[in-house]
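Now for the letters of each chain:
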Amino acid sequence: MNQAELNITDSRDRSFAAAGDQVSNVLGDEKIILDMKSGEYFGMNPVGADIWDYIQQPRKLDEIVAILMDKYGIDQERCETDVLALLAELSDVGLIEIT
C-alpha cells in the first residue's frame, strides 16, 4: 500500500503492526531497523522510534495519534498527516502490515 492509498478516513478502521522479519535496536538517539529479508537498514528519529515501538502490536491510527499528541503536544491534523506519511513509507518497504 503506497502513500497515496493511505488517507485519514480510510485508515481509521485499519490496524498497523510491525512485520515479523525485522529486528530493531537503539543507536544513539535513533532507532535502527534491519529488514531481515532484504538486508536493508532503516533509521528513525525519536518520534519515528516511538511510533515503531507502539506498533509492535497492532494499533489503530487514532491510538497512535492520541499517544503522540499527549506526549509531544502537537495538533491532531498535523500528527495524523505525519503518522500516515511514516506508515505509508514503512508499508512501501514491507516493514509493517496493515489489516
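Please read all numbers here as calculations on a predicted model, not as lab measurements.

A. Expanded view of the sheet that holds strand S5 (residues 59–60). Reading across from one edge, S5-S1-S6 is the order of the three strands in this open sheet, with antiparallel pairing throughout. Strand pairing shows two members of the sheet lacking a second neighbour, S5 and strand S6 (96–98), which therefore form its edges. Pairing geometry for strand S1 (residues 15–18) and S6, over three bridges, is antiparallel. The residue of S6 that forms the bridge with Phe16 is Ile98.

B. Spotlight on the packing of helix H3 (residues 61–72) against helix H4 (residues 76–92). Contact geometry of H3 with H4 gives a least axis separation of 10 Å together with a crossing angle of 120°. When the interaxial angle is binned, H3 and H4 end up oblique. As for the relative orientation of H3 and H4, their crossing is right-handed in sense. When H3 is examined against H4, the residues Leu61, Asp62, Ile64, Val65, Leu68 and Met69 are found in contact with a partner set consisting of Gln76, Cys79, Glu80, Val83, Leu84 and Leu87.

C. Seen up close, the sheet that holds strand S4 (residues 41–44). Reading across the sheet, the three strands line up as S2-S3-S4 and stay open at both edges, with antiparallel pairing between neighbours. Each edge of the open sheet is held by one strand with a lone partner, namely strand S2 (22–27) and S4. On average, adjacent strands in this sheet sit at an angle of 25° to one another, irrespective of strand direction. Relative to S4, strand S3 (residues 30–35) runs antiparallel, the two being bridged by four bridges. The partner of Ile33 across the bridge, within S4, is Phe42.

Rules of the game
Residues numbered from 1 in each chain as written. Predicted model: local features only at pLDDT ≥ 70, side-chain atom pairs only at ≥ 80, totals over all residues. Heavy atoms only, no water. Pairing = 2+ DSSP bridges. Helix = DSSP H or I, 4+ residues; strand = E, 2+ residues; numbered from the N terminus. Axes fitted to C-alpha atoms, helices over the stretch in contact; angles between N-to-C directions. Parallel < 35°, antiparallel > 145°, perpendicular 65-115°, else oblique. Left-handed = near helix turned anticlockwise from the far one by under 90°. Contact = heavy atoms within 4.5 Å.

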